[in-house]
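Per-entry structural report
The primary structure of each chain is shown beneath.
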Amino acid sequence: MTTPALLPLSGRRIPTLSPGASSFPHHRATLRLSEKFILLLILSAFITLCFGAFFFLPDNSKHKRFDFGLEDVLIPHIDSEKEARHSSRQVIHGVGDHDEHRHREEEESLRDKIRADHERALQEAKEKLRKSKEELKAEIQTEKTKVVEDLKKKDGPKPLPPVPMPKLVGVKDGDPGDPDTKEKRDKIREMMKHAWDSYRQYGWGHNELKPIAKKGHSTNIFGNSQMGATIVDALDTLYIMGLHDEFKDGQEWIKQNLDFSVNAEVSVFEVNIRFIGGLLAAYYLSGQEVRYHCLWIFASLCACFFSVSAVRCQLFQMMEVLGRNWGWASAGSSILAEFGTLHMEFVHLTYLTGNPAYYQKVMHIRKLLAKMDRPNGLYPNYLNPRTGRWGQHHTSVGGLGDSFYEYLLKAWLMSDKTDTEARKTYDDAIEAIERHLIRKSNGGLTFIGEWKNGHLERKMGHLTCFAGGMFALGADGSPDDKAGHYLQLGAEIAHTCHESYDRTVLKLGPEAFKFDSGLEAVAVRQNEKYYILRPEVIETYWYMWRFTHDPKYRQWGWEAAQVSISFQYLYLLFSSDELLPLENWVFNTEAHPLPVLHLGNITLPGSETQR
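Residues numbered from 1 in each chain as written. Predicted model: local features only at pLDDT ≥ 70, side-chain atom pairs only at ≥ 80, totals over all residues. Heavy atoms only, no water.

Per an unreviewed UniProt entry, the chain goes by alpha-1,2-Mannosidase and derives from Cyprinus carpio. Under the Pathway (unreviewed entry) heading, UniProt states for the chain: "Protein modification; protein glycosylation." (UniProt positions renumbered as here; feature names shortened; annotations may be inferred.)

A few words on the state of the cysteines. Under the criterion given, the structure shown has one disulfide. Sulfur-sulfur distance for the disulfide between Cys465 and Cys497 comes to 2.1 Å. The sign of the -100° torsion about the S-S bond sets the Cys465-Cys497 disulfide as left-handed. Separated by 32 residues along the polypeptide, Cys465 in the loop between strand E14 (459-461) and helix H16 (466-473) and Cys497 in helix H17 (residues 483-502) bring together distant segments of the chain. For the pair Cys465 and Cys497, one class covers both residues: buried. (Disulfide = S-S within 2.5 Å. Helix = DSSP H or I, 4+ residues; strand = E, 2+ residues; numbered from the N terminus. Buried < 20%, exposed > 50% of the residue type's maximum accessible area, 1.4 Å probe, protein only.)

A few words on the side chain of Thr350. Examined against the element boundaries, Thr350 turns out to sit in helix H12 (residues 343-353). In this structure, Thr350 is in contact with Asn355, Pro356, Tyr358 and Tyr359, ignoring residues within four places of it in sequence. (Contact = heavy atoms within 4.5 Å.)

As annotated in UniProt, the feature "binding site: Ca(2+)" (unreviewed entry) corresponds to Thr589 in the numbering used here. As for its position among the elements, Thr589 is in the loop between strand E17 (585-587) and strand E18 (593-595). Engagement of the side chain of Thr589 in a polar contact is seen with the side chain of Glu406, the distance being 2.9 Å. (Polar contact = N/O pair within 3.5 Å; in protein donor to acceptor, adjacent residues only side chain to side chain.)

A few words on the packing of H12 against helix H14 (residues 402-414). The geometry of H12 relative to H14 is characterised by a closest axis approach of 9 Å and an angle of 30° between their N-to-C directions. Relative to H14, the element H12 lies roughly parallel. Facing His343, Met344, Glu345, Val347 and His348 of H12, the residues of H14 in contact are Tyr407, Lys410, Ala411 and Met414. Looking at side-chain class alone, the contact of H12 with H14 contains five nonpolar, two polar and two charged residues. (Axes fitted to C-alpha atoms, helices over the stretch in contact; angles between N-to-C directions. Parallel < 35°, antiparallel > 145°, perpendicular 65-115°, else oblique. Nonpolar A, V, L, I, M, F, W, Y, C, P; charged D, E, K, R; others polar.)

Attention now moves to the sheet that holds strand E16 (residues 519-522). Pairing is antiparallel in the open sheet, where three strands are placed in the order E14-E15-E16. With one partner strand each, in any of the chains shown, E14 and E16 form the two edges of the open sheet. Going from strand to strand, the sheet's axes swing by 20° on average, the running direction of each strand aside. Sheet topology places strand E15 (residues 512-516) next to E16; three bridges connect them, and they run antiparallel. Pairing of Phe515 across the sheet is with Glu520, part of E16. (Pairing = 2+ DSSP bridges.)

What follows concerns the packing of aromatic side chains. For the structure on display, the rule yields 20 aromatic pairs. Taken together, a centroid distance of 5.8 Å and an interplanar angle of 40° make the contact between Trp542 and Tyr569 tilted. Here the residue Trp542 occupies a position in helix H18 (residues 536-548), and Tyr569 occupies one in helix H20 (residues 567-573), the gap between them amounting to 27 residues. In terms of burial, Trp542 and Tyr569 fall into one category: buried. When the centroid spacing of 6.4 Å and the interplanar angle of 40° are considered together, the rings of Tyr569 and Phe587 count as tilted. In this pair, Tyr569 is assigned in helix H20 and Phe587 in strand E17, connecting sequence segments 18 residues apart. Judged on exposure class, the residue Tyr569 and its partner Phe587 are both buried. Every member of this aromatic cluster is reached through a ring pair, and the members are Tyr379, Trp390, Phe404 and Tyr405. (Phe/Tyr/Trp six-rings, centres within 6.5 Å; stacked < 30°, edge-to-face > 60°.)

Counting 132 residues, the largest nonpolar core has Phe275, Leu369, Met470 and Phe471 as the members making the most contacts within it. Examining the composition of this core, we find that 13 residues originate from one element, helix H9 (residues 268-286), more than from any other. Residues contacting Met470, with those up to four places away along its chain left out, are Tyr405, Glu406, Leu409, Tyr426 and Ile430. (Core = buried A, V, L, I, M, F, W, Y, C linked by side-chain atoms within 4.5 Å.)

The next subject is the environment of Lys514. Counting through the fold element by element, Lys514 comes out in strand E15. Separated by 67 residues in sequence, Lys514 and Phe447 have C-alpha atoms that sit 9.4 Å apart. Contacts of Lys514, omitting those with residues within four sequence positions, involve Arg458, Lys459, Leu519, Glu520, Ala521, Val522, Val524, Arg525 and Glu528.

The subject of this paragraph is the pairing of E15. In terms of burial, E15 is a largely internal element, four of the five residues being buried. As defined by bridge partners, E14 adjoins E15 across three bridges and the pair is classed as antiparallel. Across the sheet, Lys459 pairs through a bridge with Lys514, a residue of E15. Counting the residues in the hairpin turn of E15 and E16 gives two residues, including Ser517, whose phi is positive at 55°.

Another aspect to go through is the sheet that holds strand E13 (residues 455-457). Taken in spatial order, the three strands make up an open sheet running E9-E12-E13, and their pairing is antiparallel. Where the open sheet ends on each side, the last strands, each with one partner, are strand E9 (394-395) and E13. Direction of pairing for strand E12 (residues 450-452) relative to E13: antiparallel, over a ladder of three bridges. Across the sheet, Lys452 pairs through a bridge with His455, a residue of E13.

Shown next, in the form of structure tokens:
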């Protein structure tokens, strides 16, 4: 859960690896026959090895596979015959001879598919090896041109259907009244303006600014392209703070320069929470048209999702409509916090465009997860989209898992509390987290550890500190009258995270901190002793202030303001509750506020019956 930030962008990022590049040999256009034969043998051996490994490696009973009838969700490239065959299957297997027989049939069907894929791959390899370098390059260029033309025809600017604007409350002002608090708020606004002016001078149009070097930087999560990520990410913060001239400068840059028709590989997660979330928030706050830009970005995302799948598509090649997962993520698995952090933005795109396909896509992900077994009730961080198995049994409320849980709760809140399916899923997940991950240290600090292969690692990441605010936000509506319990739990997490700041020399919290061997809330490893502008602690202070008005949260926030940058949450912390009231606004994981959709008698799938 991150906030729009500058110098550089702060975000709940996942480590990235730059994709490798390949090139054709320049000294000749074709391969000799002997070389073709060797390459073909290598390819054949590799495919055979993969084919054999699938059947002969031992099965882990803990990694239960869900029915391959859901392959149309995970791997939609299936023929109509297979689709018809799978449509009649049940998803949850029982016990007995009938189930065993059906299971054997499914395994045989899968073997047939793999054999066919094997033969097809070999045939394609033979055909490719017969082509020269020039033929291959021409073939790629033809495909790229076709994609561009299709996108222009399908996704060019079209009149959007008229939709009623949600009731917008608390967009401006938020004067706290108290002179001392107002002075602090004005100082934070001044800090924001200084950061923006510096970016405007030294890094305009780049994704980030390197403040010491005084030059722009374009991180590889956006394909190393100049997409103005800081501009889009900061628009709503500028508007909330009343920096309207700066807002107009950013808006004009977007109008003239924001272009996703570049050949670059970008993170679906980052594009969704920053670009789509940021543009939606700017539209709702200002009432000024930015929806076309949202739709163009979203057209690229959907092209990836519908040609690959929402679960498999964590990275996408914008102009080539290709998708893949991070190579380092448990053998190319999909990451829970990435495919589970789409709901809020997609619901609003369905609302604004009148097209239900966007919402249906994310609901499909929820239905898929509901059918899967969860070890100890926990959601592992990795899901293999090809086998339908969980990857490593690693569960975390911090990096890799965090915003999945956040979006379950916020789906319920954003639906005006009608999406009871989301609320039930959230409550069940939090119950398992409390049972297995939340502990109290010898010194009395409540922390959230990480579950790894049946064991609790007594380590908490800075990213996990957002959970204090999440527990407070979800307290109202908790089952069994546990609202007080979850508000207290939020306060305990806030205290622990404050201690992680207070126990350092610079009063900045480390990336991760331990609770064992007599050490509590302190970093142990050298690679955990750093701070990268993460806002989760300030975020929790703000939520706790809104729900309790305990002055210590403002005091802690002001301490952090002396040494860190997390402008939006700090500004809200020192504003009155009338600015973006939580009854009317829900913040996405990048702190972009989206209005609650008071849909009246309109019911979306997964919601209660008509009200």
